[in-house]
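Chain and residue survey
Spelled out, the chains give:
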Amino acid sequence: MAKAKLRVASDRLNTPTDLNPEDVTKISHGLTVLLSDLFALYIKTKNFHWHVSGPNFRDYHLLLDEQSEQIFGIIDAVGERARKIGGTTLRSLGQAEGLKRVQDNNADYVSPLEMLKELRDDNKALTANMRELHAITDEANDVSTTSLLEEWIDQSEERTWFLYESTRDATESGH
């Protein structure tokens, strides 16, 4: 009885698609991990936005607010994309905690430059992870997810760039 009930529930969430069911499973899992990373990065970015201090406070505060809004803006699209292709996605913070690759920072104090460097590295890693998912979606001929990932990768690269430039020493020569 329990198996029959489970099958009916999953059948109700099985949006029709022409994608291979095995690809749907891989892509949905990848999107769920990405969603977990995005939630973690959003919270970390907001944490640093709320706790930044020092002479560049206003610039950093606004930069981090802008970046957190951009990350938050992606979150719903990621979850909905998994559902559109017939998969399921994140159901709880506990599930997100187990899947995320972005490390928390619960330190009482983090210097502004260390905040920006940590977020720079997190966004760079997020970009690399999205490229891996892009290869999976491209191989599965999931054109829509592939296209969305390209936009999200571009946004992540821009966040990385802004954070990188904000952490460069004024005496550095460009590289």
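Residues numbered from 1 in each chain as written. Predicted model: local features only at pLDDT ≥ 70, side-chain atom pairs only at ≥ 80, totals over all residues. Heavy atoms only, no water.

Looking at the packing of aromatic side chains
Our working definition: Centre distance within 6.5 Å is the pairing criterion for rings of Phe, Tyr and Trp, where only the six-membered ring of Trp is used; planes under 30 degrees apart are then read as stacked, over 60 as edge-to-face, and the remainder as tilted. A simple rule labels every residue: compare its accessible area, found with a 1.4 Å probe on the protein chains alone, to the largest value its type can have, and call it buried under 20%, exposed over 50%, or partly exposed in between.
One pass over the structure, following the stated rule, counts two aromatic pairs. Relative to Phe162, the ring of Trp161 lies with its centre 5.1 Å away and its plane at 80°, an arrangement referred to as edge-to-face. On the basis of relative accessible area, Phe162 is assigned to the partly exposed category, the value being 31%.

Some remarks on helix H5 (residues 112–139)
Stated formally: Secondary structure elements are taken from DSSP: a helix is a run of H or I of four residues or more, a strand is a run of E of two residues or more, and numbering for both begins at the N terminus. In this scheme, a helix's expected span is set at 1.5 Å multiplied by one less than its residue total.
Given a rise of 1.5 Å per residue, 28 residues ought to cover 40 Å, and the 41 Å separating the end C-alpha atoms of H5 matches this to within 8%. Positive phi shows up at Asn141, right after H5, with a value of about 60°.

A few points about the environment of Asn56
Counting through the fold element by element, Asn56 comes out in the loop between helix H2 (21–51) and helix H3 (57–84). For the pair Asn56 and Leu113, spaced 57 residues apart in sequence, the C-alpha separation works out to 9.9 Å.

Some points on the nonpolar core
Convention followed: Definition of nonpolar core: a set of buried residues of the types Ala, Val, Leu, Ile, Met, Phe, Trp, Tyr and Cys, connected through side-chain atoms within 4.5 Å. Residue contacts follow a heavy-atom distance rule, with two residues in contact if any of their heavy atoms lie within 4.5 Å.
Residues Leu31, Leu34, Leu38, Val78, Met130 and Trp152 are the most contacted members of the largest nonpolar core, which totals 36 residues. Elements with a minimum of two residues in this core: H2, H3, H5 and helix H6 (143–167). Residue contributions to this core peak at ten residues, all from H2. Not counting residues up to four positions away in its chain, the partners in contact with Trp152 are Leu34, Ile74, Ala77, Val78 and Met130.

Overview of a negative patch on the surface
Short version of the rule: The patches reported here contain residues having more than 30% relative accessible area and no salt bridge. Joining distances are 9 Å for like charges and 5 Å for nonpolar side chains (Val, Leu, Ile, Met, Phe, Trp, Tyr). A 1.4 Å probe and the Shrake-Rupley method give the accessible areas. Residues count as covered only by the protein chains that appear here. Between Lys or Arg on one side and Asp or Glu on the other, a salt bridge is scored when a side-chain nitrogen of the former is within 4 Å of a carboxyl oxygen of the latter. His residues and chain termini do not enter the charge count, which takes Lys and Arg as positive and Asp and Glu as negative. Positions of charges follow a simple convention, taking NZ of Lys, CZ of Arg, CG of Asp or CD of Glu.
Together, Glu66, Glu69, Asp138, Glu139, Glu150, Glu151, Asp154 and Glu158 make up a region of like negative charge exposed at the surface. For the negative patch, the secondary-structure elements that each account for two or more residues are H3, H5 and H6. Broken down by element, the residue count for the negative patch peaks at four residues, all from H6. Mapping Asp154 onto the fold places it in helix H6. Of the residues examined, Asp154 reaches a relative accessible area of 47% and is grouped as partly exposed.

Points about the pattern of salt bridges
Inspection of the entire model under this criterion finds twelve salt bridges. The residue Asp37 makes a salt bridge to Arg101 at a minimum N-O spacing of 2.6 Å. Of this pair, Asp37 sits in helix H2 while Arg101 sits in the loop between helix H4 (93–99) and H5, placing them 64 residues apart in sequence. Assessed through its relative accessible area of 0%, Asp37 is described here as buried. On the basis of relative accessible area, Arg101 is assigned to the partly exposed category, the value being 39%. One salt bridge in this structure joins Lys46 and Asp65, with 2.9 Å as the shortest N-O distance. With Lys46 in helix H2 and Asp65 in helix H3, this residue pair connects regions lying 19 residues apart in the sequence. You can call Lys46 buried: its relative accessible area is 11%. Through salt bridges with shared partners, a single ionic network connects Lys44, Glu118 and Asp122.

Things to note about the confidence of the model for the chain
Which entries qualify depends on this criterion: Per residue, pLDDT measures the predictor's confidence, with a range of 0 to 100.
Across the chain, the average pLDDT comes to 91, with 89% of residues at 70 or higher. This model gives residues 1–9 a pLDDT under 50, and the stretch forms zero contacts once residues within four places in sequence are excluded.

As for H2
What counts, and what does not: Pairing of N or O atoms within 3.5 Å defines a polar contact, subject to two protein rules: one partner must be a possible hydrogen donor and the other a possible acceptor, and residues neighboring in sequence count only if both atoms are side-chain atoms.
Between its first and last C-alpha, H2 extends 45 Å over 31 residues, near the 45 Å set by a 1.5 Å rise per residue. Burial analysis of H2 places 22 of its 31 residues in the buried class, the great majority of the element. Where H2 begins, the capping side chain belongs to Asn20, and its oxygen is found 2.6 Å from the backbone nitrogen of Glu22.

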